[in-house]
Amino acid sequence: MLEAYPDNRLSRIFLWGFSALVMAFLMLPTLVVVPLSFSASNLLEFPPRAYSLRWYETFFGSATWMAALRTSLILGTLTAMVAVPLGLLACISINRLGGKAAVTIQGVLLTPSIVPGILLAIGLFFVLAAQRLVGTLFGVLVGHVVLAIPVACIVLLPALARFDWNQVQAARSLGANWARAIGGIIVPQLHISLLSATLMAFLTSLDESVISIFISSGRNSTMPKLMFLSLRDQIDPTIAAISTLWTAIVVAVVLIVTLRRKS
Amino acid sequence: MESLPITIDSVSKSYGTYVALDDVSLDIQAGEFLTLLGPSGSGKTTLLMALAGFVRPDSGKLLLGDRDITRLAPNKRDIGIVFQNYALFPHMNVLANVAYPLALRKMPKAEARRRALDTLARVKLEGLSERNIAALSGGQRQRVALARAIVFEPRVMLMDEPLSALDKNLRETMQYEIRRLHDDLGITTIYVTHDQREALIMSDRIAVMNSGRIQQIDTPQRIYDRPSTRFVAEFMGEANIVAPGLVRRIDGADASRATLMIRAESFHLDEKLVGRDGIALEGTLRAKAFRGENWLLTLALDGGGQEVLVCIPAALASGCGELATGQRVTAYAPAAKVHPLPETIA
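Since we're looking at a predicted model, the values are computed, not measured. (Residues numbered from 1 in each chain as written. Chains lettered and ligands numbered in written order. Predicted model: local features only at pLDDT ≥ 70, side-chain atom pairs only at ≥ 80, totals over all residues. Heavy atoms only, no water.)

Caption draft 1: The domain arrangement of chain B, seen in detail. Residues and elements named next belong to chain B. Partitioning chain B into structural domains gives domain 1 (6–235) and domain 2 (239–340). Every contact between the two is made by 9 residues of domain 1 and, on the other side, 8 residues of domain 2. Buried area between domain 1 and domain 2, summed over both chains or domains, comes out near 750 Å², and the portion from carbon and sulfur atoms is 45%. Contact with domain 2 buries surface across domain 1, with Y224, R226 and A233 losing the most and accounting together for 58% of the total. Taken together, domain 1 and domain 2 are joined by 0 salt bridges. Looking at which element gives the most residues to the side of domain 1 that touches domain 2, the answer is helix α8 (residues 230–236), with 4 residues. Split into classes, the residues belonging to the side of domain 1 that touches domain 2 amount to 5 nonpolar, no polar and 4 charged. (Domains from an automatic or database assignment. Contact = heavy atoms within 4.5 Å. Buried area = accessible area lost by both parts, 1.4 Å probe. Salt bridge = Lys/Arg side-chain N within 4 Å of Asp/Glu carboxyl O. Helix = DSSP H or I, 4+ residues; strand = E, 2+ residues; numbered from the N terminus. Nonpolar A, V, L, I, M, F, W, Y, C, P; charged D, E, K, R; others polar.)

Laid out in structure tokens, this is it:
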């Protein structure tokens, strides 16, 4: 696309300058917490006057934070493990059904990503309360899976649209039941999209705060929930240390997956 | 390997208001090579997919031998299918593609490998077993698809326009090879094509389909020479449908009162090449074209101006080059090549 624009020094300087500005705008708010987290002060101050690792010590020394970290990682993994297979099956039916039925199902399936999170959380709270599931890990998992399925589907639907369905029919005619045809023919060929969908589902859960605030409690509190609560109750640089670690985890996961995909 | 007969008993299938199969009945004998021939939308692929188990008929029955398979899952039918686009598995190499149905049947690896390699040799693909699918030519892919469809010794083979993606020369080679493979294995085969030449060359019998119905089912020769409907006559080749009264008997006897089907290549320009009981058509030359092996003349018949195609082999057409448009021409056809169409034409 860029070839269509005049290629001279001035336009190139402008392009690079503009790109740098956008990068800075996107990255600075995230990066500003990094120096904050290494502050020696009891207050959030920028730039810090002295540096230390004391807030990291506080974080790793806190049983509450460690429990939340564990909960969030387990929840993210479980969410991906449940949402991606369900999403894949849903996308296969949408792909096979075609026509109005497919459009309707797709619409219903994608609503959780369109409805405001707070409404979804309130609704979920009442449904789960009736089942006595509020405060349980399972309850939060249900909420996160509901949110992660549309995310997985957005990745998987276009991949399935490009997939040659005759291959599945060929596999079926050669003696494969549905499970073997999906596992042996579709999954291996869609592995890159499935990996992306898994990552997105995992990050959706890891990032989610509203449902967690409503549904999770006590030992089942997630990291984002605890971060919100601690911001409300006390402001000290522990939260900056956690944010930095959190960003590092997400960046690491995305990098690993992206690099694996390239190789 | 035991091959089985197939019975298709009044099978219908509609999609909304579109009728894909309209009360189709057909018996295919064990070991027969039957072709479903028809234009696109005639229902031939729908019928094939119903046999394969991917289309569920609205009504009617499908029997494999004496077993009702109408509602049987595709993976339990033991039918080998060759798809139009081959549908090979690109994430597996040639050997793994061919061994796939054997692996599904839990055959020990060594035996599956041996069987797959034997089958690859049978379709002349020795030495390519470790290749990736992406590294194969169209013809090679076609052979892998064939090998994969026969390696598990299915009792029936279905082929959906398997040669349509190949160029002309390769297509002709593969026509003979598929037929030879069928004769070696003796496997009941249903072959779908829209190419009438391919159907004539390969089949024991041809079922011509149009608008979801079987128009005629017969041997290639009878389908070609003795079509039962105007559609079959015109689909199978250059057919002239001549209205009653435009034809004169050479011997002066009363000509048939039926509508006649005469193939373009049945005509001669020399009366002596046709018997006394032959027929003659008189008209004016509208157009002529040299097509290499023959000349194609277009005559406008006297009395109505109906156009008739006359095809004269180049070897017998020394005079054709000199014919001028507008000139009067008489075309003769032997009685054996004049076929009264059973169907009445409005």
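Caption draft 2: Representation of the sheet that holds strand β11 (residues 239–242) of chain B. Residue and element names in this part refer to chain B. As summarised here, the arrangement of the 3 strands in space is β11-β13-β18, forming an open sheet in which the pairing is antiparallel. Each end of this open sheet is capped by a strand with a single partner; those strands are β11 and β18 (339–340). Sheet analysis places strand β13 (residues 260–263) next to β18, joined by 2 bridges and oriented antiparallel. Within β18, the position partnered with M261 by the bridge is H339. (Pairing = 2+ DSSP bridges.)

Caption draft 3: Inspection of the environment of A147 of chain B at higher detail. Relative to the helices and strands, A147 of chain B resides in helix α4 (residues 138–150). Excluding residues within four positions of it along the chain, A147 of chain B makes contact with V98, T119, L120 and V123 of chain B.

Caption draft 4: Expanded view of the pairing of strand β16 (residues 307–313) of chain B. Note that strand β15 (residues 294–301) of chain B and β16 of chain B share 7 bridges and pair antiparallel. Bridged to T298 of chain B within β16 of chain B is L309 of chain B.

Caption draft 5: Representation of helix α10 (residues 191–207) of chain A within the structure. Taking 1.5 Å per residue as the helical rise, α10 of chain A with its 17 residues ought to reach 24 Å, and the 24 Å between its terminal C-alpha atoms agrees with that figure. S193, L194, S196, A197, L199, A201, F202, L203, T204, S205 and L206 of chain A are the residues of α10 of chain A that are buried. (Expected span 1.5 Å × (residues − 1). Buried < 20%, exposed > 50% of the residue type's maximum accessible area, 1.4 Å probe, protein only.)

Caption draft 6: Looking closely at the packing of helix α4 (residues 63–97) of chain A against helix α9 (residues 178–189) of chain A. All names here are of chain A. Relative to each other, α4 and α9 sit at 85 degrees, their axes nearing to 13 Å. By the criterion of interaxial angle, the relationship of α4 to α9 is roughly perpendicular. Taken together, the residues of α9 that come into contact with α4 (itself represented by L88, L89 and I92) are I182, I186 and V187. (Axes fitted to C-alpha atoms, helices over the stretch in contact; angles between N-to-C directions. Parallel < 35°, antiparallel > 145°, perpendicular 65-115°, else oblique.)

Caption draft 7: Molecular detail of the packing of α4 of chain B against helix α5 (residues 168–185) of chain B. Residues and elements named next belong to chain B. Direction vectors running N to C along α4 and α5 enclose 15 degrees, while the axes themselves pass 12 Å from each other. It follows from the interaxial angle that α4 and α5 lie roughly parallel. Pair α4 / α5 crosses with right-handed handedness. Here G139, Q142, R143, L146 and I150 of α4 come into contact with α5, specifically with L170, M174, E177, I178, L181 and L185. (Left-handed = near helix turned anticlockwise from the far one by under 90°.)

Caption draft 8: Inspection of the interface of chain B and chain A at higher detail. With 21 residues of chain B at the contact, the number on the chain A side is 17 residues. The junction of chain B with chain A conceals about 1,700 Å² of combined surface from both sides, 60% of it contributed by carbon and sulfur atoms. When residues of chain B are sorted by the area they lose upon contact with chain A, N75, H91 and L104 of chain B head the list and together hold 31% of the total. Taken together, the connections running from chain B to chain A amount to 0 salt bridges. Where chain B packs against chain A, one counts 6 residue pairs in polar contact (both at pLDDT 80 or more). (Polar contact = N/O pair within 3.5 Å; in protein donor to acceptor, adjacent residues only side chain to side chain.)

Caption draft 9: A look at the pattern of salt bridges. Residues and elements named next belong to chain B. Using the criterion set out here, one finds 22 salt bridges over all chains in the structure. When the shortest N-O distance is used, the salt bridge between D204 and R179 registers 3.0 Å. Placement of the pair is D204 in the loop between α6 (196–202) and β9 (205–210) and R179 in helix α5, with a sequence separation of 25 residues. Judged by relative accessible area, R179 falls into the buried class, the value being 18%. Its salt-bridge partner being R180, residue D184 comes within 3.5 Å of it at the nearest N-O pair. In this pair, D184 and R180 both sit in helix α5, 4 residues apart, roughly one turn of the helix.

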